[in-house]
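For reference, the chains in residue letters:
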Amino acid sequence: MSAGAASAERLSEARALGLTDSEYELIVDKMGREPNGVELAVFSLMWSEHCAYKHSKKLLGRLPTEGPHLLMGPGENAGAVTVGNGLAIAFKVESHNHPSAVEPFQGAATGVGGILRDVFAVGARPIAILDSLRFGELSSGRSRYLLDGAVSGIGHYGNSIGVPTVGGEVYFEGPYEQNCLVNAMCLGIAREDRLIRSAAAGVGNLLVLMGARTGRDGIGGASVLASAELDSEDASKRPTVQIGDPFEEKRVMECCLELLDRGTLRSLQDLGAAGLSSSASEMASKGEVGLDIDVSRVPLREDDMEPFEIMVSESQERMLCVIEPEKLAELEEICERWEVRATAIGEVTESRRLRVLDGDEVVGDMPVDALVDDCPLYDLEPAAPSEQIYPAPPQVLDPSADAHETLLALLSSHNLASRRPLFEQYDSIVQSRTVRRPEDADAAVLQLAPDGGKGAIAVSIDGNGRRVACDPYTGTVEAVLECAANLACVGAEPLGLTNCLNFGNPEKPHVAWQLERSVAGMADVLRELGVPVVGGNVSLYNESGDGPIYPTPVVGMVGALPDAAVAPRSGFAREGDVVALVSSGVKLSLPGSELAKLRGDELPLGLPEVDVAAVRATLDAVRAAARGGGLNAVHDVSEGGVAVALAESCLAGGLGASVSLPDTGSESLFGEGVGRFLIAGESAAVAALGDRAAVIGMVGGGSLEIEGAGSWGLPELREKSGAFAQAFL
Amino acid sequence: MRFGVVRFPGSCDETDAVLACERFGEAELLWHGDCDLRGVDVVVIPGGFSYGDYLRVGAIARFSPVMEAVAEHARAGGIVFGICNGFQVLCEAGLLPGALLPNAGLRFVCRQVEVEVANADTPFTRACERGDVLSIPVKHFTGRYYAPEEELRGLDAHGQIILRYREGHNPNRSMGDIAGVSNREHNVMGLMPHPEHAVDPLTGSADGGRLFESMAMALAPA
C-alpha cells in the first residue's frame, strides 16, 4: 500500500458494497487518498463483476471478434453488422436474471427496456426482440409464478413500445428453480453511416440527461443483486429492482432517433447498470476526456436524494448525450415535441477525471482510467469435477414405454410442447417486417424494408443448459451449431453472433471449469464457421443454496438471406412431397437428451465429439437448398430427435406423413445430435442435396406413420403438443 | 384521395397504417397536438398504446387537440377509421357505440383470425361481399367488445355491425362475436383486428387491404 492506511470504517463500508480488501486498497492507491462516500459508491459499482467483467474478461479475449460483415464489435452499446445496401443491423443480448428472480414482471420488463436502449443508443431503430428463458420445473408453484410474471413483463414492455417479439426459447429444469434466467435480445436497423458511438468528445460540449426523473430505484442493482449469489433474503432486495415505463421509453426512443436523424448529437449512451456512474465513465473513457456532472441539476423523483444515490440510481428510461452548446436549443425543441425531459447536467473537460459536483461543491473526483480500466482482473482456477455435479432429474416416463407412448410423452413435455400459448402473448408483427412468425419456421424471418423489396434477415436464439452441463465444451459447440442450423433452415447465412454467458459463481473451481471450457468451445466453433462475436453479456453468480444453475451460454445469431418469399417453413406444406433426412454423420445418442431426462437418467460427464467441419458443410448445403425455392419444409432435428421433428412438421403444416427409418430403436427415433435436418419438397429439390439426403417417405394423410414404430393421428399429436397451455391457466 | 394517420405519443402501428394506405392512395401522418387535419379525406386512428394506456385505454388520447378536428370531420360525414387502440379512442370519444373491455383470458393475444363481413354496404367494406371471410391478425389486451343488450339489437338493426369473428375465432369473447362496428351513419368505423397488417401475402395475408381499397373507392370521383 502506498497511500495511507485504509480506515476501518471505510473498509467495512467497502466490504458491504461488495469490494474485497485488496480491491479497496488498490482504489486508495489509484486515488492517492481514501475515497469519500460518493467515490466509494461509484467505485464499488464500476468494479463490480457486472460492470468490470473481472472474472471473465481474460476468457472473453479468446472469442473471435473480426469478420467481413462486422461494423461495430464488442465495447459499444450494441454490435453491428452490414447487411448490404448501406444498411446495418445492430444487435445484442443481455441478461436480467437476478432482478427477474426477485420480481419477475418488472425484472423481465426492464430487461427488455434495457436492451432496447442499448440498440437505439447506437442509432438503430429497434425492429425485433427475442428472449431466452429458463425456470425450474413447472410442477413448482414458484416456477409458474416466475414464468407468468416474466412473460407478462416482456409482453408489457415490448408490445407497448411497438417492437415485435419474433422468437425465443424457454426450458424448464430443476437447477433453475431458485435462479431463473431472463435473457433478452434486440435487433435494430440503421443506415451504416448513421451508427453512432458513445465516446464523449469535444471539450466544452454539454452533457445532457434525457428521459425519466432519477429516483431511488435500483440502487446497488449491479453489485448487490447482479454480482452475488441469490439467497433467502431476496425478498428484501425487491427495492433494488427497477420499475419500467414503456410509454416513457417509447417517447425517449422516438426522440433520440429524430435527434440522430437530424445530426444533433455528438454521442449517445444509455443508462443501465450503475446508472450515471457507469454511463459517464464509459463515455469519458472511450473519448479520452473528463466529465463534470452537477448532481444538483439532475431532475429527481424525490427531493432529498444524496449525491451518491443520484450517481448510482438505476432508474429506467434515461439516456445521456453529448452535444455542442449551440445545439441545445434545437435539442430542447425536439425533446419538448416528444414530451421528453432534457437537462444539461455537465460538460466535457480535458481532465480525464469524473468530477461530481453538487452545485459549487465538489463531492467526488475520480480518475476515469481508474474507474474503467484499473479494476483487477482475476484468473479463474478451473478444476474439472471428477463426477457429475448435478443430480439426475426425476423420472416421469417408464423406460419400458413403447415408441407410441414415448413420442406423446416427449411432445407434451414442458420443454418440447408448442410454445404457442406463450408467444401469442407477444406482438410479433408490428412494423410490418415479419415474414416468418414464431413457429412458422426454425428462425424468424424479417424483411428489411417493410414495404417489400428484396433483402431479408433471419434471427434465432439458442442454448441448451443440460447439454452444456453434460459437457461444457461440446454442449456450447452444439448450441452455436443449433443456432446456425436454424438460420440455415430458412436459407440465411450467419453474419454475427451475440452471447450471454449465464453461469454460477466463477470463484468455485467447477464453475470456473464450465466457463473456461464453454468459452473455448464457442471460440473454436465460431472460428470454424467464420462468425464473429459482436458483443454480449456475462451473468455470473447464478446460484442459490441448491448449487449453480446449469451452465447456460445463450447465443443469438443474425443472418442474411436474399429472398424472404422462398424461406422454407418448418411444416409439411404439400401432399406428395418427398420427405428426407439430411445428416452430417454425427451419431444420434440418448445420454443428455430430452428422453433421458424424462426417464430420469443421470447426466453423463461428456458428450460425443462433434465434427464441426462436417456439420458446417451440411449447413452450407441445406442453406443453398433452402434458397433454391424447391423445398417446402426444412426443420432442424434437435430435442427429442427425428420422431419429434417429424411430429412437429406434421403439426405445423396440418399434414401427416409416412416414413420408414433404417432403424426404429430409441436412439434412432429419439436420440439427439447436431447437424440433422428433416426436409420435404419435390423429388428434384431433395435429390439436389445428393448423398447427404436420405429419402425416408412422403407427406400426406392425417397421421404420422413410422414403419415398425407406430402411428399417431394428428388430433392426438395436437392435443399432446398443446400441453403448455396449462402453464398459463 | 388522401389518408391521414394520427400519431399520438405511444402510437405503435402508425407507420404500418401509412404503408397500408399508400397502397390505395396518398397518406401522411397527422400530429396529435395539431387541430388541423390538413385536408385529408380519411382519418385513420392507428393501433398502439396512446399515452401508455394509462388511466384507461384511449381515455387520454380523446382529449388531444386533434380529436376535436376528428369529431368535426366525422360530424360533417367524413370517413374515420379506428384500428385497435384507435377503436378504443373512438369509443371513449363517443364517436362509436359500446366499449372495449379486457380480453376474457386476461392476456394479450396476437393471432391471425378470420372475420366475416356482416355489412358490405359501407365505405369500409364496399370492395367486399356480405359473408366474405377475411384473414386478419388481432393483437390486443383490451378488445372484448361490450354494449348493453338493447344497444346491440340497435346496432344489428341498423347494419352497424360490420365485421364478426367467425366461429372459433373470437379471441377475447366479444359480445356477438363483434370485431368491428360503425356509427349509425356508417362513416365512422372501429375494429380490433389490424387490417394494416394484412396488406401483403408475404407477411401473412392481403385481405385487410380490401378495407383500405373500399375507403379509396368510396371517395373516388364517380
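Residues numbered from 1 in each chain as written. Chains lettered and ligands numbered in written order. Predicted model: local features only at pLDDT ≥ 70, side-chain atom pairs only at ≥ 80, totals over all residues.

Comments concerning the overall build of chain A
- Counting its secondary structure elements, chain A contains 25 helices and 28 strands.
- A compact globule built from 729 residues would reach a C-alpha radius of gyration of about 27 Å, and chain A, at 26 Å, matches this within 12%.
- With the principal axes as the frame, chain A shows a C-alpha extent of 85 × 55 × 45 Å.
- Counting all 729 residues of chain A, 62% fall into the buried class.
- Across chain A, contacts joining residues at least 24 apart in sequence account for 85% of those joining residues at least 6 apart. (Helix = DSSP H or I, 4+ residues; strand = E, 2+ residues; numbered from the N terminus. Rg over C-alpha atoms; globule rule 2.2 N^0.38 Å. Buried ≥ 20, exposed ≤ 12 C-beta atoms within 10 Å, placed from the backbone. Contact = placed C-beta atoms within 7 Å.)

Considerations on the sheet that holds strand E1 (residues 2–7) of chain B
Residues and elements named next belong to chain B.
- Taking strand neighbours across the sheet as the criterion, the nine strands line up as E2-E1-E3-E4-E11-E10-E9-E6-E7 in an open arrangement whose pairing is mixed. Both outer strands of the open sheet, strand E2 (26–31) and strand E7 (133–140), are each paired with one neighbouring strand and no more. Direction aside, the axes of adjacent strands within the sheet are offset by 25° on average.
- Looking at chain direction, strand E10 (residues 178–182) and strand E11 (residues 188–191) are connected through three bridges and run antiparallel. Within E11, the position partnered with Gly-180 by the bridge is Leu-191. (Pairing = 2+ DSSP bridges. Axes fitted to C-alpha atoms, helices over the stretch in contact; angles between N-to-C directions.)

Observations concerning the nonpolar core
All names here are of chain A.
- With 314 residues, the main nonpolar core has Ile-89, Val-445, Val-459, Val-490, Ala-647 and Ile-679 as its most contacted residues.
- Ranked by the residues each element gives to this core, the list is headed by helix H18 (residues 472–489), at 11 residues.
- Ignoring any residue separated from it by four or fewer positions in sequence, one finds Val-459 in contact with Ala-128, Leu-130, Val-166, Gly-167, Leu-187, Ala-443, Ala-444, Gly-556, Met-557 and Val-558. (Core = buried A, V, L, I, M, F, W, Y, C linked by C-beta atoms within 7 Å.)

Description of the confidence of the model for chain B
- Per-residue confidence for chain B gives a mean pLDDT of 95; residues scoring 70 or more make up 99%.
- If you check the scores for this complex, the pTM reads 0.95 and the ipTM reads 0.97. (pLDDT = per-residue confidence, 0-100.)

Some thoughts on the interface of chain A and chain B
- If you look at the interface, chain A gives 26 residues, while chain B gives 22 residues.
- Counting only elements with at least two residues in the side of chain A that touches chain B, the list comes to helix H8 (141–161), helix H10 (246–261) and strand E14 (434–436) of chain A.
- For the side of chain A that touches chain B, the element with the highest residue contribution is H10(A), accounting for four residues.
- Its residues placed into classes, the side of chain A that touches chain B shows 10 nonpolar, 10 polar and six charged. (Nonpolar A, V, L, I, M, F, W, Y, C, P; charged D, E, K, R; others polar.)

Observations concerning the environment of Gln88(B)
Residues and elements named next belong to chain B.
- Along the chain, Gln-88 falls in helix H3 (residues 85–92).
- A count of 29 C-beta atoms within 10 Å places Gln-88 in the buried class.
- A sequence separation of 41 residues divides Gln-88 from Gly-47, and the C-alpha atoms of the two residues are 9.2 Å apart.
- In this view, Gln-88 contacts Val-57, Gly-58, Leu-100 and Thr-142; residues no more than four positions away in its chain are not counted.

A word on the packing of helix H22 (residues 641–653) of chain A against helix H25 (residues 714–721) of chain A
Residue and element names in this part refer to chain A.
- Contact geometry for H22 and H25: axes closest at 10 Å, N-to-C directions at 100°. With respect to H25, the element H22 is oriented roughly perpendicular. Residue-level inspection shows Ala-647, Cys-650 and Leu-651 of H22 in contact with H25, the latter providing Leu-714, Leu-717, Arg-718 and Ser-721.
- When its residues are assigned to classes, the contact of H22 with H25 shows five nonpolar, one polar and one charged. (Parallel < 35°, antiparallel > 145°, perpendicular 65-115°, else oblique.)

Section: unusual backbone geometry
- With a phi angle near 65°, Tyr541(A) is a residue other than glycine that sits in the positive phi range.
- Phi at His186(B) takes a positive value of approximately 65°, unusual for a residue other than glycine.
- In this fold, His186(B) is placed in the loop between E10 and E11.
- For His186(B), a count of 19 C-beta atoms within 10 Å gives the class partly exposed.

What to know about the sheet that holds strand E11 (residues 342–349) of chain A
All names here are of chain A.
- With respect to topology, seven strands assemble into an open sheet ordered E8-E10-E7-E11-E9-E12-E13, the strand pairing being mixed. Strand pairing shows two members of the sheet lacking a second neighbour, strand E8 (267–270) and strand E13 (361–367), which therefore form its edges. Strand-to-strand twist across the sheet, computed as the mean angle between neighbouring axes with direction ignored, equals 25°.
- By the bridge criterion, four bridges tie E8 to strand E10 (residues 318–323) in an arrangement that is antiparallel. By the bridge assignment, Leu-268 is partnered in E10 with Cys-321.
- Most of the contacts of helix H3 (residues 37–46) go to E13, to which it runs at about 35°, and overall it touches strand E12 (353–358) and E13.

Observations regarding the environment of Gly701(A)
Residues and elements named next belong to chain A.
- Along the chain, the position of Gly-701 falls in the loop between strand E26 (693–699) and strand E27 (703–706).
- Residue Gly-701 is classed as partly exposed on the basis of its C-beta count, with 16 C-beta atoms lying within 10 Å.
- Each C-alpha atom of the pair Gly-701 and Pro-391 lies 43 Å from the other, and the pair is 310 residues apart in sequence.
- With near-sequence residues (within four places) excluded, Gly-701 lies in contact with Gly-656 and Ser-658.

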